[in-house]
Amino acid sequence: MTLRSLSSSLRALAVLALCVAPIGAQATYKTQKGTEILWDKWGVPHVFAKSIPDMFYCFGWAQAEAHGDLLLHVMGQSRGRGAEYFGPGIADANVKTDQWIWLNEVPGRSAKWLAMQTPEFRRYLDAFAAGINGYAAKHPEAISAEVKQVLPITALDVMEHEQHFYDFEFVAGKVLMNSPRPGMETAELTMPVAPGLEDTAEDMADGSNGWAIGPAHTTDGKAMMLLNPHLAWGGESTYFEVQLTAPGVNLYGATQIGVPSLRFVMTDEHAITNTVNVNNGHLLYKIKEAPGGYLFDGKVLPYTKASYPIKILQPGGGYKTENVEVLKTVHGPVIRRDEGAPIAMYVAGMDKPFLLEQVWKMSIAKNFAEYEAQEKRLQIPMYNIMYADREGHIEYLFNAPVPRRSEGDYAMWSRPVDGTTSKLLPTGSLTYEELPKVIDPASGYVQNSNEPPWDAAWPTMIDPKNYAAYISPQWPYFRSDRGLRMLSEDKKFSYEMLLQKKLSTRSEAADRLLPDLLAAVDKYGTPKAKQAAVVLKAWDRQTEANSTGAILFWNWATKFGMPSALASSVKNFAVPYVVDKPLATPAGIKEPAVAAEMLDAAARETERDFGALDRPWGSFLRLQINGESDGNTAAPRGPALNGVNLPGNGGPGAIGIFRVVTPGPRLDGISTPIHGDGFTMAVEFTTPVKVKSLVSYGDCSQPGCAHHTDQLPLFEKKQWKDVWRTRAEIEKNLEKTETF
């Protein structure tokens with residue numbers, strides 16, 4: 001038996017062991033008569049199903065219709081066979097993804113998780129997979145030849161993708177974004193990042209804004225919510241906007257490609273959003289080897305070993321085979337060696353197989369009590385979760401199955417710890433009651449922009465002293481400070497204010513630092529620095545298309561210490577951060593003469609790279625969707641698609657811009673977005689509900705799709721699109737109807 005047939009046989013046996021035959025692979029799914037998908041003029045599908053399984057079937061169908069090539073690409077990757085199907089990929093990204101999946105034994109664990117699903121939810125997963133296959137079978141011409149080999153899709157693929165994407169990219173993937181350390185003896189597996197994007201990997205990993213505003217803080221006395229996730233503008237992070245209706249169900253929102261539950265969702269009764277949180281969901285252990293294995297509690301334990309073959313498609317045809325050798329300790333697999341010492345990784349949540357079901361049940365909850373009962377399950381491996389409802393309740397939760405530990409703080413657990421003793425092994429996870437949260441605070445709102453949880457409802461503070469020291473660190477974040485400033489500067493919020501403030505491009509870092517910088521240059525600056533100061537003094541402190549000075553300030557801020565999103569990395573502030581004073585600290589410039597020197601250097605680099613100190617932001621940042629994505633990360637640069645080439649606005653969250661648009665690698669003096677505002681939705685619980693949205697890059701990615709990039713002109717004009725949720729509204733704005 002060949003290695004390829006062995007791999008296929010193992011997968012087939014895993015599926016058969018689940019006992020319930022997956023509809024998508026082995027049976028023809030029949031929807032009830034009258035089930036429909038109405039596609040509106042923005043390419044948003046509105047599913048009107050006669051049953052909940054039919055709704056999931058149509059959800060899979062719609063994803064395949066709008067994103068079929070991308071969908072099958074990411075499903076093939078999450079099987080751990082991306083290199084076999086598609087070749088090594090950019091910078092061997094597919095190979096590295098396959099290695100990571102098999103090193104962490106995602107396929108075998110996914111089969112076990114799938115077998116644990118309730119019969120009801122398993123039926124929904126089967127129906128979703130069947131919808132993907134159904135569309136591909138009816139429209140084979142619409143699916144590229146390269147990805148057809150991934151078909152058919154089964155519920156196991158859905159579970160593999162869920163585990164790969166959430167547990168081993170969001171939770172455990174961050175460990176792989178670190179640069180290789182000196183003395184590393186084996187090649188470290190790294191997350192797929194296209195050449196030239198390495199400097200933005202951290203910002204790309206962490207993104208999103210979320211606000212829930214209570215009735216006491218609104219002009220209409222109705223709760224409101226802002227849902228605003230930021231991820232890469234392409235690949236598996238792509239958001240898909242959809243409406244899902246069935247008897248008793250009416251959901252509107254978005255999720256990532258290949259995911260059958262809406263993570264960002266609203267109904268007539270409530271809305272839910274989330275942001276990436278500062279959670280140590282993976283822990284690293286330094287292993288001490290001994291003859292026959294490794295030391296643990298004074299004994300020598302043998303490694304648990306496994307070997308998994310992966311196949312790599314070669315340019316001239318044929319395959320190269322490599323083995324992924326797994327060495328496991330009681331902590332988890334060895335992922336690398338640091339100066340000869342094996343580093344093993346523990347990942348929290350490996351006993352939590354019900355993420356998708358929990359997200360589904362949260363979305364269909366009828367009130368806060370039902371919603372909170374689902375939250376308490378803690379099946380979702382990470383994320384800050386925010387909630388608002390018609391009754392006026394709002395909540396912020398620092399959600400995660402946080403590993404329970406006997407000692408240490410966040411800093412201690414952010415690096416490898418001693419792996420020779422059981423006293424540092426987690427003992428289960430913290431409960432819902434032990435996690436930072438706030439419900440209906442006096443401030444009248446909750447918010448998060450990826451900062452630690454403590455200021456979620458400022459000036460109502462969550463006191464860090466009341467929680468385990470290892471839950472989350474304390475550091476400032478200019479983007480969240482900008483959000484807090486906008487939320488708190490007005491006693492009452494209107495819906496129109498919500499729409500307008502979301503689109504703010506003002507830099508919190510500029511407001512905090514620019515006056516001191518100008519004073520420093522006036523006293524210590526070189527002629528070049530003083531020339532730059534003239535530009536910065538005239539700058540509007542925004543990243544609008546016509547803003548001049550934004551490029552120069554960004555270059556200076558990078559030198560000051562803000563290439564990443566964390567203001568805590570900056571050692572040059574005169575006033576240090578104080579956790580309950582987020583809008584006043586950190587502040588000031590500790591060494592004005594050094595800051596003036598930094599501006600001189602930034603000015604010279606800006607002139608060299610951009611031709612002028614006052615080049616408008618929109619001449620540098622261009623709104624295009626470039627090239628075709630290989631499903632690994634944002635698409636590589638290439639010719640603009642659909643003729644869209646517009647001046648951009650928005651900018652890096654690192655300098656405190658709420659409207660995040662992360663510029664990609666610069667070529668010929670311009671850059672295009674690779675990350676930032678993807679799906680955005682604003683909701684107010686009036687009757688009827690007010691709701692507007694935008695998918696910045698459009699709601700489909702299939703070649704030739706009319707809706708690929710069609711929302712970029714709205715993005716450029718800082719406009720929203722209407723959300724249509726009633727059949728009458730949809731039919732007035734109808735593009736086509738599919739009947740099943």
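All figures in this text were calculated on a predicted structure; none of them were measured in a lab.

**Describing the packing of aromatic side chains**
Part 1 of the argument: For the coordinates displayed, the defined rule picks out 39 aromatic pairs.
Part 2 of the argument: Aromatic side chains Phe 59 and Phe 128 sit 5.6 Å apart centroid to centroid with 65° between the ring planes, which places their arrangement in the edge-to-face category. One end of the pair, Phe 59, is in helix α3 (residues 52–78); the other, Phe 128, is in helix α7 (residues 119–138), and 69 residues separate them in sequence. Here Phe 59 and Phe 128 have matching classes, each one buried.
Part 3 of the argument: Consider the rings of Phe 553 and Trp 556, whose centres lie 5.6 Å apart with planes at 40°: the pair is tilted. Taken as a pair, Phe 553 and Trp 556 lie in helix α17 (residues 550–560) at a separation of three residues, close to a single helical turn. Accessibility assignment for this pair places Phe 553 and Trp 556 in one class, buried.
Part 4 of the argument: Cation over ring: Lys 437 sits above Tyr 432, and NZ or CZ is 4.5 Å from the ring centre.
Part 5 of the argument: Positioned above the aromatic ring of Phe 48, the side-chain terminus of Arg 727 is 5.0 Å from the ring centre.

**Details of helix α18 (residues 592–610)**
Part 1 of the argument: The first and last C-alpha atoms of α18 sit 26 Å apart over 19 residues, in line with the 27 Å expected at 1.5 Å per residue.
Part 2 of the argument: The complete set of buried residues in α18 reads Ala 595, Ala 596, Met 598, Leu 599, Asp 600, Ala 602, Ala 603, Thr 606 and Phe 610.
Part 3 of the argument: Check the buried side of α18 and you find it contacts α15 (508–524), α16 (527–538), α17, β24 (587–589) and α19 (617–620).
Part 4 of the argument: A positive phi of about 85° marks Gly 611, the residue just after α18.

**A few points about the pattern of salt bridges**
Part 1 of the argument: As enumerated under the stated definition, the model contains 36 salt bridges in all.
Part 2 of the argument: Two residues, Lys 501 and Asp 490, come together in a salt bridge whose shortest N-O distance is 2.7 Å. Placement of the pair is Lys 501 in helix α14 (residues 495–502) and Asp 490 in the loop between α13 (478–488) and α14, with a sequence separation of eleven residues.
Part 3 of the argument: With a relative accessible area of 6%, Lys 501 lands in the buried category.
Part 4 of the argument: A salt bridge links Lys 718 to Glu 544; its shortest N-O distance comes to 2.8 Å. With Lys 718 in the loop between α20 (712–716) and β31 (721–722) and Glu 544 in the loop between α16 and α17, this pair connects stretches of sequence that are 174 residues apart.
Part 5 of the argument: By relative accessible area, Lys 718 is classed as partly exposed at 24%.
Part 6 of the argument: The network of salt bridges with common partners includes Asp 481, Arg 485, Glu 508 and Arg 512.

**Section: the packing of α3 against helix α9 (residues 155–171)**
Part 1 of the argument: Across the interface, α3 lies against α9 with an axial gap of 8 Å and an inter-helix angle of 75°. Classed by the angle they form, the pair α3 and α9 counts as roughly perpendicular. Across from Val 74, Met 75 and Ser 78 in α3, the residues of α9 making contact are Asp 157, Val 158, Glu 160, His 161 and His 164.
Part 2 of the argument: Along the lines of polarity and charge, the residues of the contact of α3 with α9 split into three nonpolar, three polar and two charged.

**Structural notes on the state of the cysteines**
Part 1 of the argument: Applying the stated criterion to the full structure yields one disulfide.
Part 2 of the argument: Each disulfide pairs two cysteine sulfurs, and for Cys 700 the partner residue is Cys 705, the sulfurs being separated by 1.8 Å. Handedness of the Cys 700-Cys 705 disulfide follows from its S-S torsion of about -110°: it is left-handed.

**Here's the deal with the sheet that holds strand β8 (residues 264–266)**
Part 1 of the argument: The mixed open sheet is built from ten strands, whose spatial order is β21-β19-β18-β9-β8-β7-β6-β2-β1-β32. The open sheet has two edge strands with one neighbour each: β21 (437–439) and β32 (734–739). Each strand axis lies, on average, 15° off the axis of its neighbour in the sheet, ignoring direction.
Part 2 of the argument: Here strand β7 (residues 249–256) pairs with β8 via three bridges, running antiparallel. The partner of Gly 253 across the bridge, within β8, is Val 265.

**Section: the pairing of strand β9 (residues 270–275)**
Part 1 of the argument: Counting buried residues along β9, six of its six residues qualify, which places the element largely inside the surrounding structure.
Part 2 of the argument: Neither face of β9 is open: one carries His 270, Ile 272 and Asn 274, the other Ala 271, Thr 273 and Thr 275, and all of them are buried.
Part 3 of the argument: Note that β8 and β9 share two bridges and pair antiparallel. By the bridge assignment, Met 266 is partnered in β9 with Ala 271.
Part 4 of the argument: In textbook terms, the turn of a hairpin is the stretch between consecutive antiparallel strands, and for β8 and β9 this stretch comprises three residues.
Part 5 of the argument: One ladder, built from six bridges, connects β9 with strand β18 (residues 384–389); its direction is antiparallel.

**Considering the pairing of strand β28 (residues 673–677)**
Strand residues, when the strand is regular, have side chains that alternate between the two faces of the sheet.
Part 1 of the argument: Burial of β28 is extensive: five of the five residues sit out of reach of the surface.
Part 2 of the argument: In the sheet, strand β5 (residues 230–232) pairs with β28 via three bridges, with the strands oriented antiparallel. Paired with Leu 231 across the strands is Gly 676, a residue of β28.
Part 3 of the argument: Two strands pair when backbone bridges link them, and strand β27 (residues 661–663) and β28 are joined in this way by three bridges, in the antiparallel orientation. What sits directly across from Pro 663, in β28, is Pro 673.

**So, the side chain of Asn 733**
Part 1 of the argument: Relative to the helices and strands, Asn 733 resides in the loop between α21 (727–732) and β32.
Part 2 of the argument: Within the local environment of Asn 733, its side chain forms a polar contact with the backbone oxygen of Glu 729, the two atoms lying 2.9 Å apart.
Part 3 of the argument: The contacts of Asn 733, once residues within four sequence positions are left out, are Asp 40, Lys 41 and Trp 724.

**Quick word on the environment of Tyr 371**
Part 1 of the argument: By the element assignment, Tyr 371 lies in helix α12 (residues 368–375).
Part 2 of the argument: Exposure remark for Tyr 371: the relative accessible area of 0% places this residue in the buried category.
Part 3 of the argument: On a C-alpha basis, the gap between Tyr 371 and Ile 272 in space is 9.9 Å, while along the polypeptide they are 99 residues apart.
Part 4 of the argument: Contacts of Tyr 371, omitting those with residues within four sequence positions, involve Ile 272, Met 362, Ala 365, Ile 385, Tyr 387 and Glu 395.

Conventions we followed
- Counting from 1, residues in each chain are numbered in the order their sequence is written.
- Local features are withheld for residues below a pLDDT of 70 in this predicted model, meaning they are given only at 70 or higher, and side-chain atom pairs are given and counted only at 80 or more; totals for whole chains, interfaces and linings count all residues.
- Hydrogens and water molecules were not included; the side-chain quantities draw on all heavy atoms of the structure.
- Aromatic pairs are defined between Phe, Tyr and Trp rings, using the six-membered ring for Trp, whenever the two ring centres lie within 6.5 Å; interplanar angles under 30 degrees are classed as stacked, those over 60 as edge-to-face, and all others as tilted.
- Counting from the N terminus, the helices are the DSSP runs of H or I reaching at least four residues and the strands are the DSSP runs of E reaching at least two.
- Burial classes: relative accessible area under 20% of the type maximum marks a residue as buried, over 50% as exposed, and values in between as partly exposed (1.4 Å probe, protein chains only).
- We call a charge positioned above a ring when the Lys NZ or Arg CZ atom is no farther than 6 Å from the ring centre and deviates by at most 35 degrees from the ring normal.
- Given a helix with a known number of residues, its expected span is that number minus one, times 1.5 Å.
- Contacts are assigned to residue pairs that have any heavy atoms within 4.5 Å of one another.
- Just to be clear on terms, a salt bridge is a Lys or Arg side-chain nitrogen sitting within 4 Å of an Asp or Glu carboxyl oxygen.
- Working convention: axes come from line fits to C-alpha atoms, limited for helices to the stretch in contact. Angles between N-to-C directions cover 0 to 180 degrees.
- Angle categories: roughly parallel below 35 degrees, roughly antiparallel above 145, roughly perpendicular from 65 to 115, and oblique for all the rest.
- Throughout, the ten residues Ala, Val, Leu, Ile, Met, Phe, Trp, Tyr, Cys and Pro are labelled nonpolar, Asp, Glu, Lys and Arg are labelled charged, and all others, Gly among them, are labelled polar.
- Cysteine sulfurs are considered disulfide-paired once they come within 2.5 Å of each other.
- Two strands are counted as paired when DSSP detects at least two bridges linking them.
- By the criterion applied in these results, polar contacts are pairs of N or O atoms within 3.5 Å in which, for protein atoms, one can donate a hydrogen and the other can accept it, and in which residues neighboring in sequence qualify only through two side-chain atoms.

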